[in-house]
Amino acid sequence: MATESVLRHYTKLVNLHAGVVCKVGARGRGLFASQRIAAGTQLLAVPPALWITQASIRARAPRALVAEVDALSGGDGRVAAATLTTLALLSGEAESAPYVATLPAEPPDVPSLWPAERLAALDGSPARNGAEQFASLVGAAHRALRLAAPERDYLRLSCLARSRALSGFEDDAFEFTLVPALDLANHDLRPTAAIADGDGGAKALVAVADLEPGDEVTISYGPLSNAKLLRVYGFALESNPHDAVVLARSELCAARRRVDGAAAPVPGGGSDDVLTRASPLAANALRSLRAALLTTEDAVNAGARGLGGAVEVSTPVSLRNERACLDVLRDALLAKLRAYPAAPDDDADALAGDLAPWERHAVLTRLGEMHIILGQLEKVDQAFAVIGR
């Protein structure tokens, strides 16, 4: 179906506002205002009868197929949902056929579809691991289900289905649901519309800002990092406040071996640090390192303070201990930074040049993550400035 008529099949069914049209803009195909629309106006409402839900897909699919998909997914509901949805779209069944006709001819340019030389641009980023894992799971499902469609075509359709699915609502039954027309709204950090409950259980799109002719109708897909946006939707944003970096305990163990040759693991009991630009110095890492680097002297001093040898590690234990912790933490952060294929300054310069869209999104993704790591390293330096080296 042509882009300009993609909503024709659903216009009356979704009560589309007369001032909203579908066309191609800077972000690809999307919804746009063709006249002035006031904030609070309902732009469309999609009744439940048009949704393609997991419940309806599972009800129509052969029980043996559902059981096999669930088994292949290893208990991962999202993987099972993606597989069953893709199979439903691939089947051309009557319920999904009209919706399939509205889908783009090509999937988004997501890393799961990239060749190895492109994927190297995401070295160090969780976007690469996530992309490779999804492609591997889809490939395993394709082979296990003995599908007639070529594996590459099945992967492309899986990526397309995942990019169109809506989720994140409080109602778990709405997870990974395809909603015609509503799925045309693109993501923005400052959206002009929001999804709300409409009459009769419909999912409505309501303007949250005044729209002028030519303004795009956008929504928020949620607080998603660039790694997630790129992996699922094929794009990344500048200065995304939701970017995050995980500092794992295994990375601390490796750093400790490099710094002092210790083979002992860093004690468990805490969580990995999920760091953002606003995060303080990695608190879980410091607690674990303080416990790992305790000396007999630390325990004796704790006893002298009436603590019975129990040392509180949520705050610095001693100057010696804190300096040792900061040394290991610095090494772990530097190793994380070196895992990326380019330095932050080089990536910043590259963004000012002429990059292919995929490369620009890759650079934005890794640069956002590297800025978080640089912020943590700056906090390490500030801590050393206070306690001395």
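Residues numbered from 1 in each chain as written. Predicted model: local features only at pLDDT ≥ 70, side-chain atom pairs only at ≥ 80, totals over all residues. Heavy atoms only, no water.

A.B. asks: Any chance you could explain the overall build of the chain here in plain terms?
C.D. replies: The helix and strand tally for the chain stands at 14 helices and 9 strands. Going through the 389 residues of the chain one by one, you find that 47% of them count as buried. Within the chain, counting contacts between residues at least 6 apart in sequence, those at least 24 apart form 68% of the total. As displayed, the chain offers around 18200 Å² of accessible surface, 54% of which is attributable to carbon and sulfur atoms. (Helix = DSSP H or I, 4+ residues; strand = E, 2+ residues; numbered from the N terminus. Buried < 20%, exposed > 50% of the residue type's maximum accessible area, 1.4 Å probe, protein only. Contact = heavy atoms within 4.5 Å. Areas by Shrake-Rupley, 256 points an atom, 1.4 Å probe, with all protein chains shown as cover.)

A.B. asks: Which parts of the structure should I look at to understand helix α6 (residues 126-145)?
C.D. replies: Helical periodicity: at 3.6 residues per turn, an α-helix aligns residues three or four positions apart in one direction. Taking 1.5 Å of rise per residue, 20 residues should cover 28 Å, and α6 covers 28 Å from first to last C-alpha, within 8% of that figure. Of all the residues in α6, the buried ones are Ala127, Arg128, Gly130, Ala131, Phe134, Val138, Gly139, Ala141, His142 and Leu145. Looking at the buried side of α6, the elements it contacts are α2 (63-72), α3 (77-91), α5 (116-119), α7 (151-164), α8 (226-233) and α14 (357-387). At the C-terminal side of α6, Arg146 shows a positive phi close to 55 degrees. (Expected span 1.5 Å × (residues − 1).)

A.B. asks: Explain the sheet that holds strand β7 (residues 216-219) to me, please; I cannot follow it from the model alone.
C.D. replies: Sheets are built from strands paired through backbone hydrogen bonds, the pairs being either parallel or antiparallel. Strand order in the open sheet formed by 4 strands is β1-β2-β7-β4, and the pairing between neighbours is mixed. The open sheet terminates on both sides in strands that have one partner only, identified here as β1 (20-25) and β4 (186-187). Summarising the sheet, strand β2 (residues 28-33) and β7 pair through 2 bridges and their orientation is antiparallel. Pairing of Phe32 across the sheet is with Glu216, part of β7. (Pairing = 2+ DSSP bridges.)

A.B. asks: Looking at this structure, I do not really get the environment of Gly214. What am I missing?
C.D. replies: Topologically, Gly214 is positioned in the loop between β6 (203-207) and β7. Sequence-wise, Gly214 and Val21 are 193 residues apart; in three dimensions their C-alpha atoms are separated by 9.6 Å.

A.B. asks: Where do I start with the packing of α6 against α7 in this structure?
C.D. replies: Helix-helix packing is described using two parameters, namely the angle between the two axes and the distance between the axes. It is the contact of α6 with α7, at a shortest axis distance of 10 Å, that shows an interaxial angle of 125 degrees. Comparing their axes, α7 and α6 come out oblique. Taken as a pair, α6 and α7 cross one another with a handedness that is right-handed. Across the interface between the two elements, Phe134, Ala135, Val138, Gly139, Ala141, His142 and Arg143 of α6 pack against Glu151, Tyr154, Leu155, Ser158, Cys159 and Arg162 of α7. (Axes fitted to C-alpha atoms, helices over the stretch in contact; angles between N-to-C directions. Parallel < 35°, antiparallel > 145°, perpendicular 65-115°, else oblique. Left-handed = near helix turned anticlockwise from the far one by under 90°.)

A.B. asks: Help me understand the sheet that holds β6, please; the structure alone is not making it clear to me.
C.D. replies: Strands sit in the order β3-β6-β5 across an open sheet of 3 strands; the sheet is antiparallel. The two strands at the open ends of the sheet, each matched to only one other strand, are β3 (42-46) and β5 (193-197). In this sheet, adjacent strand axes meet at a mean angle of 25 degrees when their direction is disregarded. Note that β3 and β6 share 4 bridges and pair antiparallel. Following the sheet pairing, Leu44 is matched in β6 by Leu205.

A.B. asks: So what exactly am I meant to see when it comes to the pattern of salt bridges here?
C.D. replies: If charged atoms from side chains of opposite charge come close, those side chains can pair. Evaluation of the coordinates by the stated rule reveals 19 salt bridges. With a shortest N-O distance of 2.9 Å, Glu238 and Arg360 are connected by a salt bridge. Of the two residues, Glu238 sits in the loop between α8 and β8 (245-247) while Arg360 sits in helix α14, which places them 122 residues apart along the sequence. The class of Glu238 is exposed, set by a relative accessible area of 53%. For Arg360, a relative accessible area of 25% puts it in the partly exposed group. Among the charged side chains, a salt-bridge network with shared partners connects Arg27, Asp188 and Glu216. (Salt bridge = Lys/Arg side-chain N within 4 Å of Asp/Glu carboxyl O.)

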